[in-house]
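Residue-level structural notes
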Amino acid sequence: MNTEKNLAAAATAIIGQKVLPGMEREFESWQEDLNAAAAYYPGFLGAEVSPPTPLQPDWVVVYRFDSVAHLQAWINSATRQTYLDVGAEYFDGPATQQVVSSGTQSLDPLVTVVVTHRVHPNHVDDFLVWQHHMVREESNFEGFRGSELFRPIEGLQEEWTTLYRYDSAEHLDAWLTSPQRQEILAEGEKFSDFKLHTIDNSFGSWFAFEGNGQEAPPPPSETRTSLAIWVGLYPTVVLLTLALSPLHLPLWIGLLVGNLLSSFLMSFLTMPYYVNPLLGRWLRPPPDEPAARSNLRGLGVVALAMAFWAVVFYLVTVRFWTLP
């Protein structure tokens, strides 16, 4: 019973922070210390940190507590304020913050959108009617899995927060780009000051998207995501195999070590510095680019990249060197 009660009251804070160039390592160390301090506060369930990528300029920190009251105690604590005073030298502008209190601690971030609105107290009733219209319309789209609306939380944030979910990135994209949504947004002109976050953590920080306003991009489809991972995984695994081969490790140990190293390389090197820059325009195409043209260009880049690596590794392992 206590567990069910905690789950029902669970609260999550999503904080985005831009960091000054050259201060990334200092900020990361500072953030680790801050998260360690948070762990001593009542109700702490966990903290996650996602570094920026070419598609997500902010560092994103997610705090989870078992209740709004405990989360509020941490957010407003003197301990956190002391850390913020120290860390201010690393910040490139103010942070963004969204807080939700939900019966579900862990969302499906691949197909979840978080939207926050600042609403004047005199316009709350109009806002609720407008939101009801929005949900009624989006529920007609294939793959809709539900929507939640959260009121502002005193002492934490002034914004209304909406979560809505679809069963796939393609279905989410269909709603985000639909004429019906554009019409409803136009009807709610006085609520046009909003922030929209599409959070994709299916592969840790390999893919992450953020944007403001109506044009924030949806995450890539499962097909594009899988192909992008393939583009990064193939050279990573082959290069690691070549690097580890002189050690003559038993198969089971070699795979164990190789998988561990490939996970780190994919997260911190291959995806942010190779795959995302190479395929970023395909993974997040401009809204005015025709889908056929985007797919043709993206698949062409994938084919060229894989052909390049196949030729390179053929020459290295067959012509110039043979694995022992």
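Description of the structure in this document. (Residues numbered from 1 in each chain as written. Predicted model: local features only at pLDDT ≥ 70, side-chain atom pairs only at ≥ 80, totals over all residues. Heavy atoms only, no water.)

Considering the packing of aromatic side chains
Counted by the stated rule, this structure contains 14 aromatic pairs. With a centroid separation of 5.6 Å and an interplanar angle of 80°, the aromatic rings of Phe44 and Phe65 are classed as edge-to-face. Taken together, the residues Phe44 in strand E2 (residues 44–50) and Phe65 in strand E3 (residues 59–65) connect sequence positions 21 residues apart. Assessed through its relative accessible area of 0%, Phe65 is described here as buried. On the basis of an interplanar angle of 40° and a centroid distance of 6.1 Å, the ring pair of Phe127 and Trp130 is categorised as tilted. Here Trp130 and Phe127 lie together in helix H5 (residues 124–138), a separation of three residues that amounts to about one turn. Residue class for Phe127 comes out buried when judged on its relative accessible area of 0%. One aromatic cluster is present, formed by Tyr234, Tyr274, Phe308, Trp309 and Phe313 through successive ring pairs. (Phe/Tyr/Trp six-rings, centres within 6.5 Å; stacked < 30°, edge-to-face > 60°. Helix = DSSP H or I, 4+ residues; strand = E, 2+ residues; numbered from the N terminus. Buried < 20%, exposed > 50% of the residue type's maximum accessible area, 1.4 Å probe, protein only.)

Regarding the pairing of E3
The element E3 is extensively covered by neighbouring structure, given that seven of its seven residues are classed as buried. The two faces of E3 match: Trp59, Val61, Tyr63 and Phe65 on one face and Val60, Val62 and Arg64 on the other face are all buried. In this sheet, E3 lies alongside strand E1 (residues 11–17) in antiparallel orientation, the contact comprising seven bridges. In the sheet register, Ala11 faces E3, and the bridge partner there is Phe65. For E2 and E3, the ladder comprises six bridges, and the chain directions are antiparallel. Paired with Ala47 across the two strands is Tyr63, which belongs to E3. (Pairing = 2+ DSSP bridges.)

Some details on a nonpolar patch on the surface
Side chains of Val311, Tyr314, Leu315, Val318, Phe320 and Trp321 sit close together on the surface and give an oily, nonpolar patch of about 580 Å² of accessible area. Assignment of secondary structure puts Leu315 in helix H10 (residues 291–320). (Patch = residues over 30% accessible without salt bridge, like charges linked within 9 Å, V, L, I, M, F, W, Y side chains within 5 Å. Areas by Shrake-Rupley, 256 points an atom, 1.4 Å probe, with all protein chains shown as cover. Salt bridge = Lys/Arg side-chain N within 4 Å of Asp/Glu carboxyl O.)

Comments concerning the packing of helix H9 (residues 251–283) against H10
At a minimum axis distance of 8 Å, the contact between H9 and H10 shows a crossing angle of 155°. Relative to H10, H9 is oriented roughly antiparallel. In this structure, H9 uses Tyr274, Leu278, Leu279, Arg281 and Trp282 to contact H10, whose residues at the interface are Ser294, Asn295, Arg297, Gly298, Leu299, Val301, Val302, Ala305 and Trp309. Split into classes, the residues belonging to the contact of H9 with H10 amount to nine nonpolar, three polar and two charged. (Axes fitted to C-alpha atoms, helices over the stretch in contact; angles between N-to-C directions. Parallel < 35°, antiparallel > 145°, perpendicular 65-115°, else oblique. Contact = heavy atoms within 4.5 Å. Nonpolar A, V, L, I, M, F, W, Y, C, P; charged D, E, K, R; others polar.)

Digging into empty space enclosed by the protein
If you walk through the whole model with that rule in mind, you get one cavity of 30 Å³ or more. Considered as a void within the structure, the largest cavity measures approximately 110 Å³ in volume. Put simply, the parts of the chain that give the lining of the largest cavity at least two residues each are strand E5 (112–117), H5, strand E7 (160–166), helix H7 (179–187) and strand E8 (194–198). Tallying contributions element by element places H5 first for the lining of the largest cavity, with four residues. (1 Å grid on protein atoms, 1.4 Å probe; cavity = no way out; pocket = protein on both sides within 12 Å on 5 of 7 lines; lining within 4 Å. Points joined across faces, edges and corners; volume = space filled by probe spheres on them.)

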